[in-house]
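Topology and contacts: notes
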Amino acid sequence: MSLPTSVRIVEVGARDGLQNEKTIIPAATKIELIDRLSASGLRTIEATSFVSPKWVPQLADAAEVFAGITRRDGVTYPVLVPNLQGYERARAVGVCDIAIFTAASEAFNRKNINASIDESIERFLPVLEQARADGVRVRGYVSTVLGCPYQGEVPVSEVVRVARRLHELGCHEISLGDTIGVGTPGKARVMLRAVAGEVPMSALAVHFHDTYGQALANILACLEEGVGVVDSSVGGTGGCPYAKGATGNVASEDVVYMLEGMGIATGIDLPRLIETGLWLSGALGRATSSRVARARSA
Ligand code: HMG
Ligand code: MG
């Protein structure tokens with residue numbers, strides 16, 4: 001067992017965290033959130049999504065939010081892009097890092113982006129081509145890697161196939177998403193090991209939702225396998241509007257607490273991150289789901 005000495009956290013709270021919120025949050029609050037996150041030492045902050053506002057009304061203000069953030073040196077602000085239309089909207093406000101997203105389950109992909117897995121990859125080809133020409137970096141997400149809300153079991157072979165394809169197409173990093181948070185450490189380990197047989201571990205990230213309280217255990221299992229990039233969301237906010245029953249992402253505060261406690265560097269100022277999570281829960285009008293923030297503020 002060899003653990004990494006440092007881990008890069010990809011903060012997804014402003015996108016995955018907010019996309020499922022029913023009440024529209026003002027753009028100014030989203031901008032303040034992102035600026036607070038960068039001030040707490042996060043270096044990769046997913047800012048928003050340029051998806052169809054008909055599908056995700058909460059993020060209809062993507063352009064305003066992206067244009068409003070104070071971009072700090074050394075921080076990247078990737079955004080989700082579902083198609084060429086989203087790519088063009090993103091580029092118009094100066095986006096240099098995007099993420100495309102598909103799934104290992106046909107049923108989920110159909111609900112989420114109205115396409116089969118192969119159709120969605122086809123749809124991404126012109127986006128990838130344009131991104132290459134523009135020098136834009138592309139991350140790829142594979143959702144439902146440990147289970148699907150519609151079809152149940154998802155074969156590991158499909159996760160491997162989709163991850164390998166995204167990597168071959170030029171995604172610099174592939175994030176493996178347990179979209180509905182049903183995974184357990186043994187399964188997470190087996191899945192990651194299988195993907196790492198085809199895609200270099202240095203190009204992989206893990207993305208756990210915490211529906212069943214397994215996310216930290218799953219992350220630890222994946223760290224032991226050698227992963228060095230972990231997605232998380234401040235305050236444990238989140239959920240996908242097209243993944244019924246899924247709760248939030250693992251809380252960034254809890255991941256940072258675990259990593260720093262194990263001597264793994266994150267570069268993040270934990271008290272400041274906790275403060276940001278508490279500020280966000282105030283703005284959303286409900287308690288944080290970070291255990292660490294609750295313990296520290298008790
Ligand atoms: P569609 O309805 O099949 O496509 O949606 P369409 O091309 O027919 O477009 C419908 C309407 O949307 C049209 O407008 C388009 O112009 C417009 P109308 O002609 O009716 O007035 N439209 C757009 N507008 C602005 N920006 C765009 C855009 N594209 C189309 N980019 C589509 C297909 C992919 C667009 C849609 O299904 C969509 O946007 N889905 C996004 C769903 C989503 O955001 N899900 C959550 C993110 S994924 C996730 O959370 C998982 C993750 O966290 C990892 C994990 O946990 O596993 C990443
Ligand atoms: Mg997610």
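See the structure above.
Residues numbered from 1 in each chain as written. Chains lettered and ligands numbered in written order. Predicted model: local features only at pLDDT ≥ 70, side-chain atom pairs only at ≥ 80, totals over all residues. Heavy atoms only, no water.

1. Points about the coordination of the magnesium ion (ligand 2)
The magnesium ion (ligand 2) binds to the protein through Asp-16 (OD), His-207 (NE2) and His-209 (NE2); the donor distances cover 2.0 to 2.3 Å. Assessed through its relative accessible area of 4%, His-207 is described here as buried. The exposure class of His-209 is buried, given its relative accessible area of 3%. (Donors = N, O, S within 2.8 Å, 3.2 Å for Na, K, Ca; no water. Buried < 20%, exposed > 50% of the residue type's maximum accessible area, 1.4 Å probe, protein only.)

2. What to know about the side chain of Glu-225
Within the secondary structure layout, Glu-225 lies in helix H9 (residues 215-225). For Glu-225, a relative accessible area of 18% puts it in the buried group. The residues touching Glu-225, leaving out its near neighbours within four places in the chain, are Arg-189, Leu-192, Arg-193 and Met-201. (Helix = DSSP H or I, 4+ residues; strand = E, 2+ residues; numbered from the N terminus. Contact = heavy atoms within 4.5 Å.)

3. Regarding the site of ligand 1
Neighbouring residues of ligand 1: 28 residues in total, closest Lys-54, Arg-89, Asn-114, Ser-143 and Thr-179. Contact between ligand 1 and Trp-55: an oxygen atom at 3.1 Å from a side-chain N or O atom of the residue. Taken by itself ligand 1 offers 1,100 Å² of open surface, and the protein chains cover 77% of this. Taken together, the elements giving at least two residues each to the shell around ligand 1 come down to helix H1 (13-17), helix H4 (84-92), helix H5 (106-113) and strand E6 (137-143). It is H4 that contributes the most residues to the shell around ligand 1, three residues altogether. Class assignment of the residues belonging to the shell around ligand 1 gives a composition of 11 nonpolar, 12 polar and five charged. (Near = heavy atom within 4 Å. Polar contact = N/O pair within 3.5 Å; in protein donor to acceptor, adjacent residues only side chain to side chain. Areas by Shrake-Rupley, 256 points an atom, 1.4 Å probe, with all protein chains shown as cover. Nonpolar A, V, L, I, M, F, W, Y, C, P; charged D, E, K, R; others polar.)

4. Side note on the packing of aromatic side chains
Applying the stated criterion across every chain, the model contains one aromatic pair. Ring centres of Trp-55 and Tyr-242 lie 5.3 Å apart, and the angle between their planes is 50°; on these two criteria the pair is classed as tilted. With Trp-55 in the loop between strand E3 (48-49) and helix H3 (62-68) and Tyr-242 in the loop between strand E9 (229-232) and helix H10 (252-261), this pair connects stretches of sequence that are 187 residues apart. For Trp-55, a relative accessible area of 33% translates into the label partly exposed. Looking at Lys-111, its charged tip hangs above the ring of Tyr-150, at a distance of 5.0 Å from the centre. (Phe/Tyr/Trp six-rings, centres within 6.5 Å; stacked < 30°, edge-to-face > 60°. Lys NZ or Arg CZ within 6 Å of the ring centre and 35° of its normal.)

5. Quick notes on the pattern of salt bridges
Evaluated as defined, the whole model comprises 19 salt bridges. Residue Glu-32 is joined to Arg-36 by a salt bridge in which the shortest nitrogen-to-oxygen separation is 3.0 Å. Highlighted residues: Glu-32 and Arg-36, both in helix H2 (residues 27-39), separated by four residues, approximately one helical turn. Residue classification places Glu-32 among the partly exposed residues on the basis of a relative accessible area of 35%. A relative accessible area of 25% means that Arg-36 is categorised as partly exposed. Via salt bridges that share partners, Arg-8, Arg-139, Glu-173 and Asp-231 belong to a single interconnected network. (Salt bridge = Lys/Arg side-chain N within 4 Å of Asp/Glu carboxyl O.)

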